[in-house]
Amino acid sequence: MKNRSEKPAGRGQVLNEHAPLDPAAEAREGALDVLLRRMRTESDFPALSEAIGDINRIASSDREGVNELSNNILKDFALTNKLLKLANVAFYNQVGGGSISTISRAVVILGFDAVRSIALSLILFDNLENKAHAQQLKEEFVKVLYAGMLAREMAGKAQLRDVEEAFIGAMLHKLGRMLTLFYFPAETEAINQLVETEGLNDARASIQVLGLSYENLGMGIARNWGFPDQLVLSMKQLPAGKVRKCASNAERLCALAGFSNELCDIVLGTSDADRGKALAALTARYGDSVPVTVEQISGLMEQSMRDIAPFAMAVNVNLRQSAFAQEASKWAGMAAAPGAAPAATPPAADALAGAEPDAPSLLEATALHEHAAILDAAPGEAGGQPQRTTEAVQSVLTAGLQDVSNSLIDDNMSVNDILRMILEAMYTGMGFAHVVLCIKDGRHNTMCGKFGFGDGVQSLIKAFDFPLAAQPDVFLVALQNNADIFITDIDDPKIATRIPAWYRQHVSARTFVLFPIIVRGKPIGLIYAARPQPGDITIPEKELSLLKSLRNQAVLAIRQSL
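Just so you know, these numbers come straight off a predicted model, no measurement behind them.

Basis of the calculations
- Residues numbered from 1 in each chain as written.
- Predicted model: local features only at pLDDT ≥ 70, side-chain atom pairs only at ≥ 80, totals over all residues.
- Heavy atoms only, no water.
- Core = buried A, V, L, I, M, F, W, Y, C linked by side-chain atoms within 4.5 Å.
- Buried < 20%, exposed > 50% of the residue type's maximum accessible area, 1.4 Å probe, protein only.
- Helix = DSSP H or I, 4+ residues; strand = E, 2+ residues; numbered from the N terminus.
- Contact = heavy atoms within 4.5 Å.
- Pairing = 2+ DSSP bridges.
- Axes fitted to C-alpha atoms, helices over the stretch in contact; angles between N-to-C directions.
- Parallel < 35°, antiparallel > 145°, perpendicular 65-115°, else oblique.
- Left-handed = near helix turned anticlockwise from the far one by under 90°.
- Nonpolar A, V, L, I, M, F, W, Y, C, P; charged D, E, K, R; others polar.
- Expected span 1.5 Å × (residues − 1).
- Arc of directions from axis to C-beta.
- Polar contact = N/O pair within 3.5 Å; in protein donor to acceptor, adjacent residues only side chain to side chain.
- pLDDT = per-residue confidence, 0-100.

We now examine the nonpolar core. Grouped together as the largest cluster of nonpolar side chains are 148 residues, with contacts concentrated most on Trp225, Phe227 and Met301. Counting residues per element, this core draws most heavily on helix H8 (residues 134-154), at 11 residues. Leave out the neighbours within four places in its chain, and phenylalanine 227 touches Ile52, Asn56, Arg116, Leu120, Ile168, Leu172, Ala222 and Val232. Core analysis: the next-biggest nonpolar cluster, separate from the first, contains 31 residues, Val457, Phe466, Ile487 and Val507 among them.

Okay, here's the thing in structure tokens:
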């Protein structure tokens, strides 16, 4: 939570970090605290707040980036699947080629900000549903999502370079109303009654019932979730009359969010006969800040409806059953709301062949061979992923190989991007609890953890800093002999003495797999993948072959970068 001086200012106020709060602001803050306490008693609100807060923290940090965002999204199996589906359809497949199968590649191909905005929209929708008034909530979500699409399309006309910021700003513009509808249905009904019977506007009615307006509720929650000031201030409702020309990026963002949402409001509230008059009034009101003509709006609305279709498909919303979508389609000159084409199925990848070295006799029983037998133990749950069929596991690994193959011929892909995709494919495909990449530090002759996937992986990465000149243990044997090693139980008497002290001290996993990365005969890196309990890892022959192929892709990527 930001400090008190950073609370949203009322209309006409200037944000001043050191200015005391006036009585009205104190009252708004008190009301917000009361509503926040009520919302926190709902089982889903803390999870929603944590998910959005984590993404905003990553987005605002100079030290965290692609790996942290990918890792955060991968914690939620359903979110991962929906995001990948979106990354492969509609306007996104123009850059992804319909073959994005890892979040890491989605971030590189679509951009960090695009993946962030997709994730935020999916998180909001997934948490704001399954209530008795679900259909009304879905209608509200379709409206705000459509407003975000409109803002994305019009960002250039409003002189905004960050189209994803425009999307998020417009989507959040009525956050307070959506949260009230979801968490306070009785109060929402009371507010609607005041609007209908006493002619109050939404702002005055919500203040009377909630103690603060929809606007201030949304802005307060957005600050609580860690959204930057510029996005929070874009939620302000603009005064009636002509909107003045914008003097800053924050004002342009606010004007665009207002325009997009007001257009959505008049779509449902205007008869066919008054459509032209309503659009003319809207464009006149915003003409100095969002210079869009009435003639251009139809095309913008049509493209926005096409853009919203894959989002709707991902969250199981039928646009043909949405009153708003049907009206917006008519305004755009379309016969009906479009459906979304299914994502293309990534073709199978050709596995890279690699020579299989003999493991030393000491660890012969632990070495992974191409024809390793399937272990009897069944894997448990890990990483929030449900158990999957063998075919499903192979499909994820194969799709990951295709992702990497596509990336290897892309000059814009860095070696770290490719290595990240390889680790993610292993992590999601096999359901490992953690996967870590170690890279050699030539100056100190050590292996050092670089990045990885799994809960709390950042602290785990720090543990992987071990010398290459030491008594042979399982890690050094794997590297020195180019041997893929599988340890089913670190406490097995036959292998216990070969587990290094640093591992026992800092790492709790009792079963793991090691895939060395050897380039031109020299150990360059190591992939470590683990599960918590002995016997938790099962690697059938086909999956083993695919894992080895992914490791071989890592060898090729590093070799190409040298």
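What follows concerns the sheet that holds strand S1 (residues 434-441). Read from one edge of the open sheet, six strands run S3-S2-S1-S6-S5-S4, paired in antiparallel fashion. Looking at the sheet topology across the chains shown, the edges are occupied by strand S3 (465-467) and strand S4 (485-487). Averaged over all adjacent pairs, the angle separating strand axes in this sheet is 20°, with direction ignored. Examined bridge by bridge, strand S2 (residues 446-453) and S3 share three bridges and lie antiparallel to one another. Residue pairing in the sheet places methionine 447 in a bridge with phenylalanine 466 of S3.

We now examine the packing of helix H7 (residues 112-127) against helix H9 (residues 163-172). Here H7 crosses H9 at 15°, and the two axes come no closer than 9 Å. One finds that H7 runs roughly parallel with respect to H9. In the crossing of H7 with H9, the sense of the turn from one axis to the other is left-handed. Facing H7, whose interface residues are Asp113, Ala114, Arg116, Ser117, Leu120, Ser121 and Leu124, H9 presents Glu164, Phe167, Ile168, Met171 and Leu172. For the contact of H7 with H9, a count of residues per class yields seven nonpolar, two polar and three charged.

Across its 12 residues, helix H16 (residues 275-286) extends 17 Å between first and last C-alpha, which sits within 8% of the 16 Å expected from 1.5 Å per residue. Among the residues of H16, Arg275, Ala278, Leu279, Leu282, Thr283, Arg285 and Tyr286 are the ones counted as buried. For H16, the angular spread of buried residues about the axis comes to 160°, placing them on one side.

Moving on, we come to unusual backbone geometry. With a phi close to 55°, asparagine 445 is a non-glycine residue in the positive phi region. Mapped onto the fold, asparagine 445 is located in the loop between S1 and S2. The backbone of asparagine 482 sits at a positive phi, close to 50°, despite the residue not being glycine. As for its placement among the helices and strands, asparagine 482 is situated in the loop between helix H22 (474-480) and S4.

Looking now at the environment of threonine 511. Looking at the element boundaries, threonine 511 is found in strand S5 (residues 511-519). Look at threonine 511 and you get buried, because its relative accessible area is 0%. The sequence separation of threonine 511 and isoleucine 537 amounts to 26 residues, and the corresponding C-alpha distance is 7.1 Å. Not counting residues up to four positions away in its chain, the partners in contact with threonine 511 are Phe486, Ile487, Thr488, Ala529, Ala530, Arg531, Gln533, Pro534, Gly535, Asp536 and Ile537. Within the structure, the side chain of threonine 511 is placed 2.8 Å from the backbone oxygen of isoleucine 487, a separation counted as a polar contact. At 3.4 Å, the side chain of threonine 511 forms a polar contact with the backbone oxygen of threonine 488.

The subject of this paragraph is the pairing of S5. Within S5, nine of the nine residues are buried, which leaves the element mostly enclosed by the surrounding structure. Here S5 shows two buried faces, one formed by Thr511, Val513, Phe515, Ile517 and Val519 and the other by Phe512, Leu514, Pro516 and Ile518. Relative to S5, S4 is paired through three bridges, and the arrangement is antiparallel. Note that in S5 the partner of phenylalanine 486 across the bridge is valine 513.

This next bit is on the confidence of the model for the chain. Averaged over every residue, the pLDDT of the chain is 82; the share at 70 or more is 82%. For residues 1-21, every residue scores under 50 in pLDDT, and the model assigns this stretch 36 contacts once sequence neighbours within four places are set aside. In this model, residues 335-365 is a region of pLDDT below 50 whose contacts with residues beyond four sequence positions or in other chains number 58 contacts.

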